[in-house]
Amino acid sequence: MPPLSVDEALARILDGVAPLPGEASAIEAAHGRILAEPLAARLTQPPFDASAMDGYAVRAADVVRLPATLEVIGQAAAGHPFSGTVAAGQAVRIFTGAPVPSGADAIVIQENTAPGTSARGGPIVTVQEGIPDPGNIRRRGFDFTEGAVLLEAGRRLGPRELSLAAAMGHGEVRVRRRPRVAVLSTGDELVAPGSRPGRGQIVSSNHLGVAALAELAGAQVQQLGIARDTRESLQAHLDKAGDADVIVTIGGASVGDHDLVGPVLAARGMALSFWKIAMRPGKPLMFGRLGSARVLGLPGNPVSSLVCTRVFLVPLLRALLGRPARDAAPIAARAAVALEANGPRQHYMRATTKPGSDGAPLVTPVRSQDSSLLAPLAQADCLLVRPPGAPEAPAGSLVPILPLDF
Ligand code: AMP
Ligand code: MG
């Protein structure tokens, strides 16, 4: 099998993916979840004409000629409407958020008035200056009206969406079930983070980055632990994957004597789709199906595993969540320096961006592109994509990048 192009590999991974079923979530617990259906307003907002200012509710006709002195017949505050009617020559003391009393059609701001007492001892107010601004009243339905569809299916519920959904009258929303991702680390050399590696050992790090990226994309991650490079250990760890939608393995997927992930998964019934792609970093990438689960075999190399997670797992998770695939696609940037011609494999260069002068970010590759280096990866904020056979690109060329922070 010759190596597959990245685009073909991604197309195979996404082939036949349907969004996961919806489930109910309390709005308080819905942060970060993805709407399974469009959300229509159950309420009109504001529900009544409301004052936007502290001041006096009056009849506009009474404050055409100034100064004008009006009788104050009561008070309206947020949550405490005034139940009477404002007649000619009258005003109601009003505060922000209170319903505008019937009869009144203008709000005079407090700063333009002077309170007083009438000869008979009742409260009065003198409007000294100013034409009431129509914006002092927030009209009923100014924000939205009942029935309006304001959030579409596939929308992620972030801070703004949550506030809106709550104001629309939803205490519960239908969201996509989170994709269940099981992550298996493999390798005799690996020890858990925080423990001291012995002779020939290293700390397993990738499983955390891969899981974090998957969680950012909306998944629920189960760590299956570190399997030894034996069939028995791999089997035992894979047994814990349960009903995962996606099984992600790290390492052990190339062609060495200790690379048993492929054979063990094949023995469990995995239908292999591909195991090699024309990509740098990340050549030994395996993909297949095991029952209803999709299996992604990532290279063990720390940078490769994170790059492949960003390039393949994130779009798969988005598709499972019913999110538009285009959101995970590359965006245009300008190369800040000249770029060498690329070889036959699609190259994902670790790079940093800064604001450019024409809207497109300026992108600079980090100094070392060695795929085993985590420190430069941590400095990078994007991957600069160089297609197979791309010619040399002078500084200022438009190039695609994949943001790493999202
Ligand atoms: P492999 O694909 O198993 O041959 O691993 C390739 C390289 O990645 C080796 O140097 C491994 O030690 C390293 N590696 C594999 N898994 C991990 C992991 N979970 N964390 C950090 N490095 C790893
Ligand atoms: Mg290994």
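Shown above is the structure to which this text applies.
What you are looking at is a predicted structure, and each value in this text was computed from that prediction instead of being measured. Every residue gets a number counted from 1 within its own chain, in the order that chain's sequence is written. Here chains are named by letter from A upward and ligands by number from 1 upward, in the order in which they appear as written. Totals for whole chains, interfaces and linings use every residue, but because this is a predicted model, local features are given only for residues with pLDDT of at least 70 and side-chain atom pairs only at 80 or more, for both listing and counting. Only hydrogens and water are removed before side-chain values are computed, so all heavy atoms of the structure are retained for them.

Overview of the nonpolar core
Phase 1 of the analysis: Residues enter a nonpolar core if they are buried and are Ala, Val, Leu, Ile, Met, Phe, Trp, Tyr or Cys, with the set joined through side-chain atoms within 4.5 Å. Buried, partly exposed and exposed residues are distinguished by accessible area as a fraction of the type maximum, computed with a 1.4 Å probe on protein chains only: under 20%, between the cut-offs, and over 50%, respectively. The biggest cluster of nonpolar side chains holds 41 residues, and the ones touching the most others in it are Val248, Met279, Leu296, Phe312, Leu317 and Tyr348.
Phase 2 of the analysis: Counting only elements with at least two residues in this core, the list comes to helix H1 (6-14), strand E13 (180-186), helix H3 (206-216), strand E17 (246-250), strand E21 (293-298), helix H6 (302-320) and strand E25 (382-386).
Phase 3 of the analysis: Residue contacts are counted whenever heavy atoms from the two residues lie within 4.5 Å of one another. Leaving out residues up to four positions away in the same chain, Leu317 has contacts with Pro179, Val181, Ala214, Ala217, Ala219 and Val246.
Phase 4 of the analysis: Formed by 18 residues, the second largest nonpolar core is a distinct cluster that contains Ala241, Val264, Met270 and Ala293. Helix numbers and strand numbers start at the N terminus; a helix is a DSSP run of H or I with at least 4 residues, a strand a run of E with at least 2.

Focus: H6
Residue pairs spaced three or four apart in an α-helix point in one direction, given the helix's 3.6 residues per turn.
Phase 1 of the analysis: Given the number of residues in a helix, its expected span is that number minus one, multiplied by 1.5 Å. Taking 1.5 Å as the rise per residue, H6 with 19 residues should run 27 Å; its terminal C-alpha atoms sit 25 Å apart, in good agreement.
Phase 2 of the analysis: The first or second residue beyond H6 is Gly322, which carries a positive phi of 70°.

Structural notes on the layout of surface pockets
Phase 1 of the analysis: Using protein atoms alone on a 1 Å grid, points that fit a 1.4 Å probe yet trap it form a cavity, whereas open point sets bounded by protein on both sides within 12 Å along at least five of seven lines form a pocket; residues with an atom within 4 Å of a point count as lining. Grid points are joined across faces, edges and corners, and a volume is the space filled by probe spheres set on the points. Each pocket or cavity is described by its volume, and for the largest pocket that value is around 420 Å³.
Phase 2 of the analysis: What lines the largest pocket is a set of 21 residues, among which Arg156, Leu216, Ala217, Arg323 and Phe406 lie closest to the centre.
Phase 3 of the analysis: Elements with a contribution of two residues or more to the lining of the largest pocket: H3 and H6.
Phase 4 of the analysis: Counting residues per element, the lining of the largest pocket draws most heavily on H6, at three residues.
Phase 5 of the analysis: For this scheme, ten residues count as nonpolar: Ala, Val, Leu, Ile, Met, Phe, Trp, Tyr, Cys and Pro. Four count as charged, namely Asp, Glu, Lys and Arg, and the remainder, Gly too, count as polar. A class-by-class count of the residues in the lining of the largest pocket yields 10 nonpolar, three polar and eight charged.

Regarding the side chain of Asn136
Phase 1 of the analysis: Tracing the sequence through the fold places Asn136 in the loop between strand E9 (123-127) and strand E10 (137-138).
Phase 2 of the analysis: Within the local environment of Asn136, its side chain forms a polar contact with the backbone oxygen of Ile107, the two atoms lying 3.0 Å apart.
Phase 3 of the analysis: Every residue in contact with Asn136, bar those within four places of it in the chain, is listed here: Ala50, Ser51, Ala52, Met53, Ile107 and Ile109. Any pair of N or O atoms that falls within 3.5 Å is considered a polar contact. Within protein, one atom must be able to donate a hydrogen and the other to accept it, and sequence-neighbouring residues count only if both atoms are side-chain atoms.

Description of the pairing of strand E4 (residues 55-58)
Phase 1 of the analysis: Across three bridges, E4 lies against strand E6 (residues 90-94) in antiparallel orientation. Following the sheet pairing, Tyr56 is matched in E6 by Arg93. Strand pairing is assigned whenever DSSP detects at least two bridges linking the two strands.

With respect to the sheet that holds E4
Phase 1 of the analysis: Across the sheet, which stays open at both edges, the six strands sit in the order E7-E4-E6-E5-E9-E8 with mixed pairing between neighbours. In this open sheet, the two strands that pair with only one neighbour each are strand E7 (106-109) and strand E8 (113-117). Put simply, the sheet's adjacent strands are angled 40° from each other on average, direction ignored.
Phase 2 of the analysis: Sheet topology places E4 next to E7; four bridges connect them, and they run antiparallel. Paired with Val58 across the strands is Ala106, a residue of E7. Helix axes use the C-alpha atoms of the stretch in contact, all axes being lines fitted to C-alpha atoms, and the angles between their N-to-C directions lie in the range 0 to 180 degrees.

Some points on the packing of H3 against H6
Phase 1 of the analysis: Two elements in contact, H3 and H6, have axes separated by 9 Å at closest approach and are oriented at 25°. Relative to H6, the element H3 lies roughly parallel. When you trace H3 past H6, the crossing you get is right-handed. Where H3 approaches H6, its residues Asn206, Gly209, Val210, Leu213 and Ala214 are matched on the opposing element by Pro302, Ser305, Leu306, Thr309, Arg310, Leu313, Val314 and Leu317.
Phase 2 of the analysis: Tallied by class, residues from the contact of H3 with H6 come to eight nonpolar, four polar and one charged. Should an angle lie under 35 degrees it is considered roughly parallel, over 145 roughly antiparallel, and from 65 to 115 roughly perpendicular; all remaining angles are considered oblique. Take the far helix as your reference; a near helix turned counterclockwise from it by less than a right angle gives a left-handed crossing, and one turned clockwise gives a right-handed crossing.

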